[in-house]
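Report on the structure
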Amino acid sequence: MINPEISDYNNAQSPSDQEICTMLSLVIDQELEHAENKIWHRHPVWFLEGNPIVGYSKLKDSVRLMFWSGQSFDEDDLKTEGSFKAAEKRYTSREQINIADLKRWLMKSQQIQWDYKNIVKRKGELIRLK
């Protein structure tokens, strides 16, 4: 079930960005039915056992979908984000969302995980969980 704070976040966006955010949240929540979801660092994020898996955020010119372990998915459409293992896909319209791709990435997000939950404890060192 989608956290009401995430629905509030989606509803606060412009109409076209709201369509993107709503579509992403519905598919993510359907595919990660056992994941906790909440607003984390001001953005919608889904967690498995306390580990951030996927989230999205409104950027100036797009909505960014981010997978914390996405660089390990071996997916050409996901672009490197940051200096750890995250990867992203950016959208400017709902029509750009390929549901089959999104579902495949979400399946991989459950199978391939790096331990972001304990990254501070490990002083920035990431270890593979799955």
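Only a predicted model underlies this, so the values are computations on that prediction, with no experimental measurement involved.

**Structural notes on the packing of aromatic side chains**
- Overall, the coordinates contain six aromatic pairs when judged by the stated rule.
- The interplanar angle of 75° and the centroid separation of 5.1 Å between the aromatic rings of W40 and F47 together place this pair among those described as edge-to-face.
- In this structure W40 comes out as partly exposed when scored by relative accessible area, which is 28%.
- Ring geometry for W40 and W68: centres 6.0 Å apart, planes at 45°, overall tilted. Remark: W68 occurs in the loop between β4 (63-67) and β5 (79-80) and W40 occurs in strand β1 (residues 36-40); sequence separation between them is 28 residues.
- The ring of F47 has K38 lying over it, and the distance from NZ or CZ to the ring centre is 4.9 Å.

**Thoughts on the sheet that holds β5**
- Strand order in this open sheet of six strands is β1-β2-β3-β4-β6-β5, and the pairing throughout is antiparallel. The two strands at the open ends of the sheet, each matched to only one other strand, are β1 and β5.
- Pairing analysis gives four bridges linking strand β2 (residues 43-48) to strand β3 (residues 51-58), with the strands arranged antiparallel. Bridging from a neighbouring strand, F47 pairs with P52 of β3.

Definitions and cut-offs
- Residues numbered from 1 in each chain as written.
- Predicted model: local features only at pLDDT ≥ 70, side-chain atom pairs only at ≥ 80, totals over all residues.
- Heavy atoms only, no water.
- Phe/Tyr/Trp six-rings, centres within 6.5 Å; stacked < 30°, edge-to-face > 60°.
- Buried < 20%, exposed > 50% of the residue type's maximum accessible area, 1.4 Å probe, protein only.
- Helix = DSSP H or I, 4+ residues; strand = E, 2+ residues; numbered from the N terminus.
- Lys NZ or Arg CZ within 6 Å of the ring centre and 35° of its normal.
- Pairing = 2+ DSSP bridges.

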